[in-house]
Amino acid sequence: MIHIEQKTHTTQDGTTVIVLAPAGRLDITTAWQFRLKLQECISKLSRHVVVNLGQVNFIDSSGLTSLVAGMRDADKVKGSFRICNVHPEAKLVFEVTMMDSVFEIFETEDEALEGVPRNVAS
């Protein structure tokens, strides 16, 4: 069982963003739960999602797949899907798989909520 903290953030222009912060391992045993949670949030709560990976110290291919699926769900409804605060141990997986270029990844949750693309922010 994966623990997922969920909170709602409202941006200055009134957009609702759901922030999900899973904790522990995002792997074959937990990825499906996280996938369902993403689906539920995007379909029922908001098409804008930020995933804070600061508490995820291990991620495998099924974990990445659940994130890709979430991104696709958000894209389908013209939403946004951002990842922030990637744990150092998990960062390597994103780099090796080139997923760091697929996702919008931000250093901090605040930056992800502001939505400033990292290549522009100096």
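Residues numbered from 1 in each chain as written. Predicted model: local features only at pLDDT ≥ 70, side-chain atom pairs only at ≥ 80, totals over all residues. Heavy atoms only, no water.

Caption draft 1: Structural detail: the overall build of the chain. In terms of helices and strands, the chain carries four helices and six strands. Going from the N terminus to the C terminus, the chain shows its helices and strands as β-β-α-β-β-α-β-α-β-α. Relative to the 2.2 N^0.38 estimate, which gives 14 Å for 122 residues, the radius of gyration of the chain is 13 Å and therefore close to what a compact globule would have. Along the first, second and third principal axes, the C-alpha set of the chain runs to 35 × 35 × 25 Å. The 122 residues of the chain split such that 48% are buried. When contacts within the chain are restricted to residue pairs at least 6 apart in sequence, long-range pairs at least 24 apart make up 64% of them. (Helix = DSSP H or I, 4+ residues; strand = E, 2+ residues; numbered from the N terminus. Rg over C-alpha atoms; globule rule 2.2 N^0.38 Å. Buried < 20%, exposed > 50% of the residue type's maximum accessible area, 1.4 Å probe, protein only. Contact = heavy atoms within 4.5 Å.)

Caption draft 2: Representation of the confidence of the model for the chain in the model. Mean pLDDT over the chain works out to 92, with 94% of the residues at or above the 70 mark. Of the regions scoring below 50 in pLDDT, residues 117-122 engages in six contacts with residues more than four places distant in sequence or in other chains. (pLDDT = per-residue confidence, 0-100.)

Caption draft 3: The packing of aromatic side chains, seen in detail. Considering all chains together, one arrives at two aromatic pairs under this definition. Measuring from ring centre to ring centre gives 6.2 Å for Phe-81 and Phe-103, while their planes differ by 40 degrees; the resulting arrangement is tilted. Taken together, the residues span a long stretch of sequence, with Phe-81 in strand β5 (residues 80-84) and Phe-103 in the loop between α3 (88-96) and β6 (104-106) at a distance of 22 residues. Residue Phe-81 is classed as buried on the basis of its relative accessible area of 4%. Their ring planes at 70 degrees and their centres at 6.0 Å tell us that Phe-94 and Phe-103 sit as a pair that is edge-to-face. Taken individually, Phe-94 and Phe-103 each receive the classification buried, so the pair is uniform in this respect. (Phe/Tyr/Trp six-rings, centres within 6.5 Å; stacked < 30°, edge-to-face > 60°.)

Caption draft 4: Here's a closer look at a negative patch on the surface. Taken together, the side chains of Glu-107, Asp-110, Glu-111 and Glu-114 define an acidic patch exposed on the protein surface. Within the secondary structure, Glu-111 is located in helix α4 (residues 109-114). Residue class for Glu-111 comes out partly exposed when judged on its relative accessible area of 32%. (Patch = residues over 30% accessible without salt bridge, like charges linked within 9 Å, V, L, I, M, F, W, Y side chains within 5 Å. Areas by Shrake-Rupley, 256 points an atom, 1.4 Å probe, with all protein chains shown as cover. Salt bridge = Lys/Arg side-chain N within 4 Å of Asp/Glu carboxyl O. Lys, Arg positive; Asp, Glu negative; His and termini not counted. Charge placed at Lys NZ, Arg CZ, Asp CG, Glu CD.)

Caption draft 5: Up close: the nonpolar core. With 27 residues, the main nonpolar core has Val-51, Leu-53, Leu-67, Phe-81, Ile-83, Phe-94 and Phe-103 as its most contacted residues. Secondary structure elements with two or more residues in this core: β2 (16-26), α1 (31-45), β3 (48-52), β4 (55-59), α2 (61-76), β5 and α3. Among the elements that line this core, the one with the most residues is α2, at five residues. One finds Val-17, Val-50, Phe-106 and Ala-112 within the second-largest nonpolar core, a separate group that totals seven residues. (Core = buried A, V, L, I, M, F, W, Y, C linked by side-chain atoms within 4.5 Å.)

Caption draft 6: Just the pairing of β5, in detail. Most of β5 sits inside the fold, with five of its five residues counted as buried. Side chains Ser-80, Arg-82 and Cys-84 of β5 all project onto a buried face; the interleaved residues Phe-81 and Ile-83 project onto the opposite face, where all are buried too. The sheet contact formed by β3 and β5 spans five bridges and is parallel. Among the inter-strand pairings, Val-50 is bridged to a residue of β5, identified as Arg-82. Of the strand pairs in this sheet, β5 and β6 are connected by three bridges, and their pairing is parallel. Across the sheet, residue Ile-83 finds its bridge partner in β6, namely Ile-105. Once you follow β5 into α3 and on to β6, the crossover reads as right-handed. (Pairing = 2+ DSSP bridges. Right-handed = clockwise from strand over helix to strand, strands pointing away.)

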